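What follows is the residue order along each chain.
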Amino acid sequence: MAGVTGLTFLALCLPFLGALIAPVFVRRLGHNAAWFLALLPAFAFLHFCSFLPEIAAGQTVRGGFDWVPSLGLRFSWLLDGLSLTFALLVTGIGTLIVLYAGGYLKGHADLGRFFSFILLFMGSMLGLVVADSFLTLFVFWELTSITSFLLIGFDYRREAPRRAALQALVVTGGGGLLLLAGLLLIWQITGIGSMSELLGSGDVLRASPLYLTALILVLGGAFTKSAQFPFHFWLPNAMEAPTPVSAYLHSATMVKAGVYLLMRLNPVMGDTAAWQTILPVFGAATLLVGTLLAIRQTDLKLKLAYTTVSSLGLLVLLTGFGTDYAVEAAVLYLVAHSLFKGALFMVAGIVDHETGTRDITRLGGLCSAMPLTFAAALTAAISMGGLPPAFGFIAKEEIYAALAQASPWAVVLTIVAVAGNALMFAIAFAVALKPFVGPLVDTPRHPHEAPPLLWLGPVLLALLGLAAALLSGAWHVYVTSPMASAVAGKELHISASPIPHVGLPLALSLATVLAGILVYWQLDRARFVMSVILRHLGPGPDRGFDGLISGLVRLSHAVSRILQPGRLEIYVTVTFLCLAAMLLVPLVVYGELPAVPAWPSLQWHEATIFLIAVIGLASVVLARDRLTAIVSLGIQGFAVAVIFLLFGAPDLSFTQFMVETLSVVILAMVMTRLRLSPADRRPPLKMFAHALLAIGCGAGFSLLLLKATQAPFDLTLTAFFDRYSKLIAHGDNVVNVIIVDFRGTDTLGEIAVVAMTGLAILALIRIRAGGERKLAANDPDREEKADVENRMEAERS
């Protein structure tokens, strides 16, 4: 078991290792480094394949390491039917994406950086889908947002990718914060911090009065990640990323993270009215919005991107529908979508790479020049369109079998599903046929078949979608049935096959195909109608996001002008005002003022020291110039140091003497560079207010110290340091041992701060000196000035 745990941990770390070594391999091997880097996710894929028999037998695999045992925090993973299927998709398709990227970005100057980013993204998604503890889940959830930001903004020299990357990060990162709050609330309700233990506590969570709040928070994270309406706008904009990113993002990784989370929590948070209402409503809206917006597009990638939005909506709809058939349909469609969408995106990239355009209106007749690419596109489109014998047909039949019920709600959702699938049928064949059939159209580049690194991925994914259908019995045993069982929280056995359901599901499939053919036939007219409709609807959520960000920037500027006006006097006043309030308000409001202390009996020399301190204070207040005030302030510090010495703290007294001496000397040296004449132009009212503020701070500290000294003294720490200073740290001086050993990290931090400050000052001095030399070198009159200075020096001599 330890060996299996170690290998699994290694498999999880391999993508991150690949990200580390990718730039080195690319510098030495160029684009051929893809063959070696692809071995890392391929090994992880094979390792996870080894769990298929075990998971198919109904078992689960858990592992991990303690991080903070006292808080119950672990880095742990869980492999069951759901997480294993996702892990296989992430690593398997990820292997093909790495190879595809090597061909697609051949010769790119930043290919090494791209491989690092894509492998980091792969590792983040892999960690997310196998995460067991809430900590592990959230860490990898946010890592997917960060790494997708790097990938979407890969071409950072253009504004559009930068905007799309920022938009994706803001939307998904904001959703991540909602998810964090939801996970913490679930932890608070159930007392459980891991998914494997949570799966058996659904009744506790659903019975809690905080269930709805937790559900909304979790849905906020899932809906933003999986681009559910109205958060769908960031996903099509992410098409600014290179096509390998788009293919991976849409087929196996980040956009399905939200769907994965909903499927994972279905046994715990499902089977409630809220779950079975919110998810189908938003899923149906997303399905229709995505397909209708896809009809309008002419860019191959954008058409596919919007169909991904609609497919995610369909998955959310099925997950929330609440029946076993719906769960089975969601599982089948998720796997089918991963295969055909990855293939079609790669095909779109090949067309763009080999012809120089992705505009469907400028393409045609590529079949003869790119027969292998056309075959892969057509096979994947058959699956996307739901035609036999592809795996997409099995999924679509199961969808209709799940939704075809007598209730009005089921009828509405069935109509939505038929409409959405019909539009996706039209779009699938528009992508697969329009660029390839008909007369050959002139393109920016002469079309020809892609090299093996490019066509290998789409061909394998398209064939795998066909093989999964033809071998559906074995596929269900090892993949889809264990996955459906994990989603449903009970054992399910899927028996769907390429043989059509006789009855209503088959009729609905035929209606879908006929409607899809009609839309495909009138595709140009449908595109025009959608353009007119969207023009009349006005700006959508995408423009709303820009307005939100712009308003946020304006608000931050307004707040900054109030809180950061650039006047040191205001900063210092507000700081001391808050300090006085924090000291005095709790003491007064909660009745914690100290009792009036008895006046201490002082010896004459002690009273003299206190008198000197009072005289020094008066000197500071009444000083007429700054230098006198600085010296008088030193009297205060020295008097305090003598008090420390008289009361038996020589170490502290010595430190106070040193600090006070250095402070006076340094302040005096600085002030000699400034005007030392009186410069206090404050009006009397402001001086009075500042005096009250100073008295308030002093009184607050005094009262707090008095209250602290009147409380019983806790000797726990004293006894601890007395007992262990000699035994553990081998030091007799307790104070020194505390500073050097027990507070060693704190002391090191203080030294590091001082060192960084010194380095910053040195850098500023050098920058200023360099700037002065540069100005002097660029001065056109420097020679004349030098002559004048030489003559003056000679006259002085």
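Just above sits the structure.
Predicted, not measured: the structure shown is a model, and the values here were computed from it. (Residues numbered from 1 in each chain as written. Predicted model: local features only at pLDDT ≥ 70, side-chain atom pairs only at ≥ 80, totals over all residues. Heavy atoms only, no water.)

This part covers the overall build of the protein. Helix and strand counts for the protein stand at 34 helices and two strands. Referenced to the eigenvectors of the C-alpha coordinate spread, the extents of the protein come out at roughly 110 × 80 × 55 Å. Evaluated residue by residue, the protein yields a buried proportion of 46% over its 797 residues. With an accessible surface of roughly 39,000 Å², the protein has 70% of that area assigned to carbon and sulfur atoms. (Helix = DSSP H or I, 4+ residues; strand = E, 2+ residues; numbered from the N terminus. Buried < 20%, exposed > 50% of the residue type's maximum accessible area, 1.4 Å probe, protein only. Areas by Shrake-Rupley, 256 points an atom, 1.4 Å probe, with all protein chains shown as cover.)

Here the focus is the nonpolar core. The biggest cluster of nonpolar side chains holds 196 residues, and the ones touching the most others in it are Phe 48, Phe 115, Trp 234 and Met 269. For this core, the element with the most residues is helix α17 (residues 324–355), which contributes 20 residues. With residues near it in sequence (within four places) discarded, Phe 48 still touches Thr 8, Ala 11, Leu 12, Leu 79, Leu 84, Ala 87, Leu 88, Thr 91 and Leu 126. (Core = buried A, V, L, I, M, F, W, Y, C linked by side-chain atoms within 4.5 Å. Contact = heavy atoms within 4.5 Å.)

With that out of the way, let us pick up the side chain of Thr 224. Mapped onto the elements of the fold, Thr 224 is located in helix α11 (residues 211–225). When neighbours within four sequence positions are excluded, Thr 224 is seen to be in contact with Val 171, Thr 172, Gly 175, Phe 231 and Trp 234.

So, about the packing of helix α15 (residues 273–296) against helix α16 (residues 300–321). The relative placement of two packed helices comes down to the angle between their axes together with the axis-to-axis distance. Where α15 contacts α16, the two axes come as close as 7 Å, and the packing angle between them is 160 degrees. Judged on the interaxial angle alone, α16 and α15 are roughly antiparallel. When you trace α15 past α16, the crossing you get is left-handed. (Axes fitted to C-alpha atoms, helices over the stretch in contact; angles between N-to-C directions. Parallel < 35°, antiparallel > 145°, perpendicular 65-115°, else oblique. Left-handed = near helix turned anticlockwise from the far one by under 90°.)

Now for the packing of aromatic side chains. Inspection of every chain in the model, using the stated rule, returns 23 aromatic pairs. Between Phe 391 and Trp 475 the ring centres are 6.1 Å apart and the planes differ by 65 degrees, which places this aromatic pair in the edge-to-face class. Linking Phe 391 in helix α19 (residues 391–403) with Trp 475 in helix α22 (residues 472–488), this pair joins segments that are 84 residues apart in sequence. As far as the burial class goes, Phe 391 and Trp 475 line up, both buried. Grouped by ring-pair contacts, the aromatic residues Phe 9, Phe 16, Phe 65, Phe 75, Trp 77 and Phe 140 constitute a single cluster. One residue, Lys 434, lies across the ring of Tyr 520, its end atom 5.1 Å from the ring centre. (Phe/Tyr/Trp six-rings, centres within 6.5 Å; stacked < 30°, edge-to-face > 60°. Lys NZ or Arg CZ within 6 Å of the ring centre and 35° of its normal.)

This part takes up the pattern of salt bridges. Across all of its chains, the model carries 16 salt bridges by this definition. Linking Arg 158 and Glu 240 is a salt bridge whose minimum nitrogen-to-oxygen distance equals 3.3 Å. With Arg 158 in the loop between α7 (134–152) and α8 (159–190) and Glu 240 in the loop between α12 (234–237) and α13 (243–251), this residue pair connects regions lying 82 residues apart in the sequence. A salt bridge links Lys 490 to Asp 324; the nearest nitrogen and oxygen atoms lie 3.2 Å apart. Separated by 166 residues along the polypeptide, Lys 490 in the loop between α22 and α23 (504–521) and Asp 324 in helix α17 bring together distant segments of the chain. Asp 324 sits in the partly exposed class, given a relative accessible area of 29%. Where salt bridges share partners, they join Asp 110, Arg 113 and Arg 157 into one cluster. (Salt bridge = Lys/Arg side-chain N within 4 Å of Asp/Glu carboxyl O.)

Disulfide: a covalent bond formed between the sulfur atoms of two cysteine residues. Applying the stated criterion across every chain yields a total of zero disulfides. The thiol of Cys 578 is not disulfide-bonded; the next cysteine sulfur, from Cys 697, is found 9.9 Å away. Residue class for Cys 578 comes out partly exposed when judged on its relative accessible area of 40%. (Disulfide = S-S within 2.5 Å.)

This part takes up α17. The terminal C-alpha atoms of α17, which comprises 32 residues, lie 46 Å apart, in line with the 46 Å expected from a rise of 1.5 Å per residue. Counting buried residues in α17 gives 29 out of 32 residues, a clear majority hidden from the surface. Gly 356 occupies a position one or two residues after α17 and carries a positive phi of about 90 degrees. (Expected span 1.5 Å × (residues − 1).)

If you trace the backbone, Leu 151 turns up in helix α7. When the C-alpha atoms of Leu 151 and Ala 376 are compared, they prove to be 26 Å apart, with 225 residues separating the residues in sequence. Once you skip the residues sitting within four places of it in the chain, Leu 151 turns out to touch Phe 114, Phe 117, Ile 118, Phe 121, Ala 241, Pro 242 and Val 245.

With that out of the way, let us pick up a nonpolar patch on the surface. A cluster of nonpolar side chains, contributed by Leu 552, Leu 555, Val 559, Ile 562 and Leu 563, occupies part of the molecular surface with about 510 Å² of accessible area. Within the secondary structure, Val 559 is located in helix α25 (residues 541–563). (Patch = residues over 30% accessible without salt bridge, like charges linked within 9 Å, V, L, I, M, F, W, Y side chains within 5 Å.)

Let us look at the side chain of Ser 725. When you line up the elements, Ser 725 lands in helix α31 (residues 716–727). Only 2.5 Å separates the side chain of Ser 725 from the backbone oxygen of Phe 721, close enough to count as a polar contact. With residues up to four places along the chain from it excluded, the contact list for Ser 725 reads His 730, Gly 731, Val 734, Val 737 and Phe 742. (Polar contact = N/O pair within 3.5 Å; in protein donor to acceptor, adjacent residues only side chain to side chain.)

In this model helix α28 (residues 626–646) runs 31 Å from its N-terminal to its C-terminal C-alpha over 21 residues, within 8% of the 30 Å that 1.5 Å per residue would give. Turning to α28, its buried residues are Ile 630, Ser 632, Gly 634, Gly 637, Ala 639, Ala 641 and Ile 643. Gly 648 lies just past α28 and shows a positive phi near 80 degrees.

To continue, consider the packing of α13 against α17. At a minimum axis separation of 8 Å, α13 and α17 run at an interaxial angle of 165 degrees. The angle between α13 and α17 places the two elements in the roughly antiparallel class. Both α13 and α17 take part in a crossing whose hand is right-handed. Contact residues: Thr 243, Ser 246, Ala 247, His 250 and Ser 251 in α13; His 337, Ser 338, Lys 341, Gly 342, Phe 345, Met 346 and Gly 349 in α17. Residue classes in the contact of α13 with α17 are distributed as three nonpolar, eight polar and one charged. (Nonpolar A, V, L, I, M, F, W, Y, C, P; charged D, E, K, R; others polar.)

Relative to the assigned elements, Ser 472 resides in helix α22. The class for Ser 472 is buried, based on a relative accessible area of 8%. Here the alpha-carbon distance between Ser 472 and Phe 391, two residues 81 residues apart in the chain, equals 8.2 Å.

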